[in-house]
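Each chain is listed here by its residues.
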Amino acid sequence: MKKWLFPILGASVIIAIGLTAYFLTRPWAFPKTQNQSETPRDMAPDFSLVTLDGTTVTLSEFRNKKAVVLNFWGSWCPNCHRNMPKLSDMAKKYDSSIQVLGVNISEHKARVQNFQQKYAISFPLLLDDDGTVARLYGVDYTNTHILISKDGKRIGIVNGDMTEDKMKELAR
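I will try to describe carefully the structure that is included in this document. (Residues numbered from 1 in each chain as written. Predicted model: local features only at pLDDT ≥ 70, side-chain atom pairs only at ≥ 80, totals over all residues. Heavy atoms only, no water.)

**Remarks on the overall build of the protein**
Phase 1: Looking only at helices and strands, the protein features 5 helices and 7 strands.
Phase 2: Secondary structure elements of the protein, listed N to C terminal, follow the sequence α-β-β-β-α-β-α-β-α-β-β-α.
Phase 3: Expressed as a percentage of its 172 residues, the buried residues of the protein come to 40%.
Phase 4: Partitioning the intrachain contacts of the protein with sequence separation of at least 6 by distance along the chain shows that 70% fall at a separation of at least 24.
Phase 5: When the accessible surface of the protein is split by element, carbon and sulfur atoms take 58% of a total near 9,900 Å². (Helix = DSSP H or I, 4+ residues; strand = E, 2+ residues; numbered from the N terminus. Buried < 20%, exposed > 50% of the residue type's maximum accessible area, 1.4 Å probe, protein only. Contact = heavy atoms within 4.5 Å. Areas by Shrake-Rupley, 256 points an atom, 1.4 Å probe, with all protein chains shown as cover.)

See below:
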């Protein structure tokens, strides 16, 4: 009987992890709010979130100064592990015209700090503790990028890794 305990326990853990990942990646995991606009050229909804060092960042502070990339991510997301170092390099390269903001969805601060240190992320990581901003923007999945023009309008969405071409286009 004891021979079967560990395989059954292991299989149960794997199934639980798989179900959790499945349910967290469903569109209804972060439902859209009633007042959310569906058209990409509308003004980007303003928000304020806290960074890892306790500084409050408000989206509107970049209006008429820089275009913005909102990167919605999670440390558990394998695609984010791949994308974030590249995005960090692009954030440095386009720093004069684009502000990248990493919006972490619902993770503990310590986990976000570990991720930032592991990958030496150069842009601010914001803590969306309860997923409010993700819902505000209708973000259904991690590794989603909302592109906001210098004048504060939502001009596009990149689902998946951010590309150099999109950064160049936004920097114009």
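Next comes the rest of the account.
**Considering the side chain of histidine 145**
Phase 1: In this fold, histidine 145 is placed in strand 6 (residues 144-148).
Phase 2: Reaching out from histidine 145, the side chain makes a polar contact with the side chain of asparagine 83 at a distance of 3.1 Å.
Phase 3: Setting aside chain neighbours within four positions, we find histidine 145 in contact with Val69, Leu70, Asn71, Asn83, Leu87, Gly156, Ile157, Val158, Gly160, Asp161 and Met162. (Polar contact = N/O pair within 3.5 Å; in protein donor to acceptor, adjacent residues only side chain to side chain.)

**Digging into empty space enclosed by the protein**
Phase 1: Within the structure shown, the criterion is met by 1 cavity of 30 Å³ or more.
Phase 2: Of the pockets and cavities examined, the largest cavity occupies roughly 50 Å³.
Phase 3: Around the largest cavity, the lining residues are Leu59, Ser60, Phe62, Arg63, Lys66, Val68, Ile148, Ser149, Lys150 and Gly152.
Phase 4: Among the residues forming the lining of the largest cavity, the class breakdown is 4 nonpolar, 3 polar and 3 charged. (1 Å grid on protein atoms, 1.4 Å probe; cavity = no way out; pocket = protein on both sides within 12 Å on 5 of 7 lines; lining within 4 Å. Points joined across faces, edges and corners; volume = space filled by probe spheres on them. Nonpolar A, V, L, I, M, F, W, Y, C, P; charged D, E, K, R; others polar.)

**Some details on the pairing of strand 1 (residues 48-51)**
Phase 1: Sheet topology note: the strand 1/strand 2 (residues 56-58) ladder contains 3 bridges and is antiparallel. Counterpart to leucine 49 in the pairing with strand 2 is valine 57.
Phase 2: Linking strand 1 back to strand 2 in an antiparallel pair, the connection comprises 4 residues, with glycine 54 at a positive phi of about 90 degrees.
Phase 3: Alignment of strand 1 against strand 5 (residues 125-128), held across 2 bridges, turns out to be antiparallel. Paired with threonine 51 across the bridge in strand 5 is leucine 126. (Pairing = 2+ DSSP bridges.)

**A few points about the pattern of salt bridges**
Phase 1: A full pass over the atoms with the stated rule returns 3 salt bridges.
Phase 2: Residue aspartate 161 pairs with arginine 82 through a salt bridge whose shortest N-O separation is 2.7 Å. Residue aspartate 161 is located in the loop between strand 7 (154-159) and helix 5 (164-171), and its partner arginine 82 is located in helix 2 (residues 78-93); the two are separated by 79 residues in the primary sequence.
Phase 3: Judged by relative accessible area, aspartate 161 falls into the partly exposed class, the value being 22%.
Phase 4: Looking at arginine 82, the relative accessible area reads 40%, which means it is partly exposed.
Phase 5: Residue glutamate 164 is joined to lysine 93 by a salt bridge in which the shortest nitrogen-to-oxygen separation is 2.8 Å. With glutamate 164 in helix 5 and lysine 93 in helix 2, the pair connects residues that are 71 residues apart, well separated along the chain. (Salt bridge = Lys/Arg side-chain N within 4 Å of Asp/Glu carboxyl O.)

**Structural notes on the sheet that holds strand 7**
Phase 1: The strand order across the open sheet formed by 7 strands is 2-1-5-4-3-6-7, and the pairing between neighbours is mixed. Of all the strands in the sheet, just strand 2 and strand 7 have a single pairing partner and so form its edges. Geometrically, the sheet is characterised by an average inter-axis angle of 30 degrees between neighbouring strands, direction not taken into account.
Phase 2: Each of strand 3 (67-73), strand 4 (98-105), strand 5 and strand 6 touches helix 2; the most contacted strand, strand 3, lies at about 160 degrees to it.
Phase 3: Packed on one face of the sheet, helix 3 (residues 109-119) meets strand 3, strand 4 and strand 5 and runs near 160 degrees to strand 5. (Axes fitted to C-alpha atoms, helices over the stretch in contact; angles between N-to-C directions.)

**A few points about unusual backbone geometry**
Peptide bonds are, in most cases, trans, and in most cases residues other than glycine have a negative phi.
Phase 1: Within the chain, serine 106 stands out as a residue other than glycine whose phi angle is a positive 65 degrees.
Phase 2: Tracing the backbone shows serine 106 in the loop between strand 4 and helix 3.
Phase 3: A positive phi is found at alanine 120, a non-glycine position, where the angle reads about 50 degrees.
Phase 4: Within the element layout of this structure, alanine 120 appears in the loop between helix 3 and strand 5.

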